[in-house]
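Understanding the architecture of this molecule
Chain by chain, the residues:
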Amino acid sequence: MKKQVLAIAFIATFLTPSLLRADEGMWLPFLLARNYEDMKKMGLNLTAKEIYSINNSSIKDAIVSFGGFCTAEVISKKGLLLTNHHCGYDAIASSSTTENNYLEDGFWALNHKMEIPIPGLTATFVISIDDVTEQIVKNLTDEMSEEERNAKIREISKTLTDEATEGTGYKAYVRDFFEGNEFYIFVTNTYEDVRLAGTPPESIGKFGHDTDNWMYPRHTGDFSMFRIYAGADNNPAAYSPENKPYSPKHALPVSIKGIQEGDFTMVFGFPGSTDRYLSSFGIEQAISKEQPKRVEIRRKKLDIMKKYMDADKEVRLKYASKHAQVANYWKYFIGQTEQLKNNNVAEKKREIERHLNDFATNNPRYASVFGNIEAAYKVKDEYVYTNVYQSEFIYTVDLNVNIFRFSFMEQAFERNGEEGMNGVLNILKGLMEEFYTNANLDIEFETLTEVLKMYAHDVPQHLQPELVKQLAAKNGIDKYVAKARKKSIFASAEKLNAFAAKPSLKKLKKDPLYALIKSISDKHTEANNVPAHKEAKEKLTVANRLFVEGYRLMEPTKQFYPNANSTLRLTYGRVLPYSPSSTKKFEYYTSLEGVFEKEDPNNPEFHVSEKLRELYKAKNFGKYANEKGEMPVNFISNNDITGGNSGSPVLNADGHLIGTAFDGNWEAMSGDIFFERDIQRTISCDIRYVLFIIEKLGGAKNLIDEMELVK
Ligand code: ARG
């Protein structure tokens, strides 16, 4: 008897979680049939075709890739877009001046004329998605080298994308999924006249700043609004004052009904990258070497920026966006390392690996997968820091990457002589102009100097160029950079223009800054071409592909989903609180009261605008308060998202907009590598807070009036 009760309780623990399941999975919307029944069971009230259709308008037609780095959704018949404040941040900062500071004060367009064009900003719709695995895989063999394989994939992809776009203005791309086991084609349509329509002040849009970033409970009004403009025919057109607001195939109705614990939620968007099939060996290397080093370098960059930003308002504006980007992933890597350890992710991976090894007893194709992976990481270990510095020092310090690009001049000369070289120089000149207008050279040169010292200390001697070794040996880095700052052709816009007027490769190669950057980068390329290293990387790619192939074969009833790769995905789940430990529980929503609890006049990260205080005191929440009379601010759900999903619509069971997703929670920062069913949450900004801020704080009722509000 007792046993039976226990058995029932045991089964029940499996049943209840299935009702409240943490919904892992970033699903491809064109394969929705695989999830549809599950979604219905969880409460979805839509047909599959209403979510994704290529013939009729569907929800997918309201979702755009915003600038290629975030997601936004169409929320009116006039092409109005909602995204996050941190997605619009660069556009907002670059439209600001110290007199008209939209970061500090917010901005609301009361009519179309006031909207601010943002050169370079795009909105891309997905027209269709198809599986082209067969067409590609039938041309691949196990005997091919990775190089041959990739060349073949590129060749077939080119034919497929040409066919798919012929006679249209569309673009297409083929991406690989499941570590190279499947291939899908995406046809897209990109609009390139996107304008800023509204943003709250930073004290709302970024309330809590770095302290609260990646954390819950949260109180951030992380939203901003843009509008897509089109040519007279509603097709994409370059910016022109004649362009008209885009008329969408679908605009999301906006729900002011509110949300309850357990409500069905789905999030549609463009998650950038996850590494869910990373092995335990990869995790060990990431937490022991790679991530701590990234954190250290980023900390250095941030301290240098901050020093100059605090001293000068103009510098603060110029570097606001850069600082935010570096800080976002500085904290990300701290959190990821910490939670990979806390959540024992390597051990969870080892369990899967043991299973696959057992499975391989009868499936010898997979027998050497993890042996090969382990061996590959052993070889790669030596090269971790040179890779980290290439990415954190050469490619992401603005001065350095701008100098590095001049190596394209050399390449163009080799290929197309003088003429080719001058063509490249012309493009570089434009980029440099932009650089000199936007950069603060004190920050750039100090960063170059200080991170170079770290490089000299960290990167194995034999992977450093002679120049750096010699400088470091005599403590000569400061002096070298200081002198170069006087003499280099990159020292100022004037010097660069003088060089561009009389370009010479000889002069370029002799330039002290170019020589420095180029030698570091060349040494890195050399390291990547060391035969043993190359072989290890290739071995790893092949083994990872086999791992995923075998894993799927081993669990034929499990629904697998591919890693995020900036393609359109859908994830569904529920509004749910969570308990990060036995003594802590976080409610599923936060309200404006919490903003005032967190307020700290002595800490600019937690300043509150006076206007918001007045509205709060008067409880002037309009029709946007919840049934308790509170103003809801953020809520959480167990949807599976990652960076790139920022700005994504959170939809209820009827496909109505209830929020915009903007972050994940600290306790599950390992989530990009292993989804934590019990504690992983998506943090979203409640749409009612968005509407309240637009209407009551921004006074931009015009924006609300163009939306379709539903209960
Ligand atoms: N962590 C968020 C993301 O990567 C960005 C949040 C922006 N807010 C901030 N305080 N930096 O999507």
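Everything discussed here concerns the structure shown above.
Each value, and the rule that gives it
Residues numbered from 1 in each chain as written. Predicted model: local features only at pLDDT ≥ 70, side-chain atom pairs only at ≥ 80, totals over all residues. Heavy atoms only, no water. Helix = DSSP H or I, 4+ residues; strand = E, 2+ residues; numbered from the N terminus. Rg over C-alpha atoms; globule rule 2.2 N^0.38 Å. Buried < 20%, exposed > 50% of the residue type's maximum accessible area, 1.4 Å probe, protein only. Contact = heavy atoms within 4.5 Å. Areas by Shrake-Rupley, 256 points an atom, 1.4 Å probe, with all protein chains shown as cover. Lys, Arg positive; Asp, Glu negative; His and termini not counted. Charge placed at Lys NZ, Arg CZ, Asp CG, Glu CD. Pairing = 2+ DSSP bridges. Disulfide = S-S within 2.5 Å. Core = buried A, V, L, I, M, F, W, Y, C linked by side-chain atoms within 4.5 Å. Expected span 1.5 Å × (residues − 1). Bend = angle between axes of the 7 residues up to and from the residue. Polar contact = N/O pair within 3.5 Å; in protein donor to acceptor, adjacent residues only side chain to side chain. Axes fitted to C-alpha atoms, helices over the stretch in contact; angles between N-to-C directions. Parallel < 35°, antiparallel > 145°, perpendicular 65-115°, else oblique. Nonpolar A, V, L, I, M, F, W, Y, C, P; charged D, E, K, R; others polar. Near = heavy atom within 4 Å. Patch = residues over 30% accessible without salt bridge, like charges linked within 9 Å, V, L, I, M, F, W, Y side chains within 5 Å. Salt bridge = Lys/Arg side-chain N within 4 Å of Asp/Glu carboxyl O.

Some words on the overall build of the protein chain
Helix and strand content of the protein chain: 27 helices and 22 strands. For a compact globule of 711 residues, the expected C-alpha radius of gyration is about 27 Å, and the protein chain comes in at 26 Å, within 12% of that figure. On the principal axes, the C-alpha backbone points of the protein chain span a range of 80 × 70 × 60 Å. The burial tally for the protein chain puts 57% of its 711 residues in the buried class. For the protein chain, the proportion of contacts with a sequence separation of at least 24, taken over those separated by at least 6, is 77%. Accessible surface, the protein chain: about 31,200 Å² in total, of which carbon and sulfur atoms supply 52%. If you average the places of the 90 positive and of the 98 negative side-chain charges in the protein chain, the two averages end up 2 Å apart.

Overview of the pairing of strand β6 (residues 123–131)
On a regular strand, one side chain projects to one face of the sheet and the next to the other, so that they alternate. Among the 9 residues that make up β6, 7 are buried, leaving the element largely enclosed by the rest of the structure. Relative to β6, strand β1 (residues 63–66) runs antiparallel, the two sharing 3 bridges. Among the inter-strand pairings, S65 is bridged to a residue of β6, identified as T124. As paired strands, β6 and strand β8 (residues 182–191) are joined by 8 bridges and run antiparallel to one another.

Side note on unusual backbone geometry
Residue P217 is bonded to the preceding Y216 through a cis peptide linkage, with omega at 0°. As for its position among the elements, P217 is in the loop between α9 (209–212) and β10 (224–230). Non-glycine residue W214 carries a positive phi angle of around 60°. Backbone geometry at K619 places phi at a positive 50°, although glycine is not the residue there. Relative to the helices and strands, K619 resides in the loop between α25 (610–617) and β18 (632–637). Accessibility expressed as a relative area gives 54% for K619, which makes it exposed.

As for the state of the cysteines
Throughout the structure, instances matching the rule amount to 1 disulfide. No disulfide involves C685; its nearest neighbouring cysteine sulfur is the one of C87, lying 12 Å away.

Overview of the nonpolar core
Judged by nonpolar contacts, the single largest core of 143 residues is most densely connected at M225, M266, L592, L612, Y689, F692 and I694. Excluding its chain neighbours within four sequence positions, the residues that come into contact with L592 are L612, Y616, F621, M631, V633, Y689 and F692. Among the nonpolar cores identified, the runner-up in size contains 66 residues, and V326, I394, M432 and L513 belong to it.

Quick look at helix α11 (residues 313–342)
Spanning 30 residues, α11 covers 40 Å between terminal C-alpha atoms, matching the ideal 44 Å at 1.5 Å per step. A maximum bend of about 50° is found in α11 at Y319. A distance of 2.8 Å separates the backbone nitrogen of E314 from a side-chain oxygen at the start of α11, and that oxygen is part of D312. Just downstream of α11, N344 is the residue with a positive phi angle, here 50°.

A closer look at the packing of helix α12 (residues 345–360) against helix α23 (residues 531–554)
At a minimum axis distance of 10 Å, the contact between α12 and α23 shows a crossing angle of 80°. Considering the angle they form, α12 stands roughly perpendicular to α23. Where α12 approaches α23, its residues I352, H355, L356 and F359 are matched on the opposing element by F547, G550, Y551, L553 and M554. Split by residue class, the contact of α12 with α23 holds 7 nonpolar, 2 polar and no charged.

What to know about the side chain of K60
As for its position among the elements, K60 is in the loop between α3 (48–51) and β1. Overall, the relative accessible area of 1% leaves K60 in the buried class. Looking at K60, its side chain comes within polar contact range of the main-chain oxygen of I127, at 3.4 Å. Ignoring anything within four residues of it in the chain, the contact list for K60 reads I51, Y52, S53, V126, I127, F268 and L568.

Here we look at the site of the ligand
Inspection of the region around the ligand gives H86, K206, H209, N213, W214, N328, S646, F662 and D663 as its neighbouring residues. H86 places a side-chain nitrogen or oxygen 3.1 Å from an oxygen atom of the ligand. A distance of 2.8 Å is found between an oxygen atom of the ligand and a side-chain nitrogen or oxygen belonging to N328. When the ligand sits alone it has 350 Å² of accessible area, and the protein chains cover 94% of it.

A word on a negative patch on the surface
On the surface, E147, E148, E535 and E538 cluster together to form a negatively charged patch. Elements supplying a minimum of two residues to the negative patch: α7 (146–165) and α23. Looking at the element boundaries, E535 is found in helix α23.

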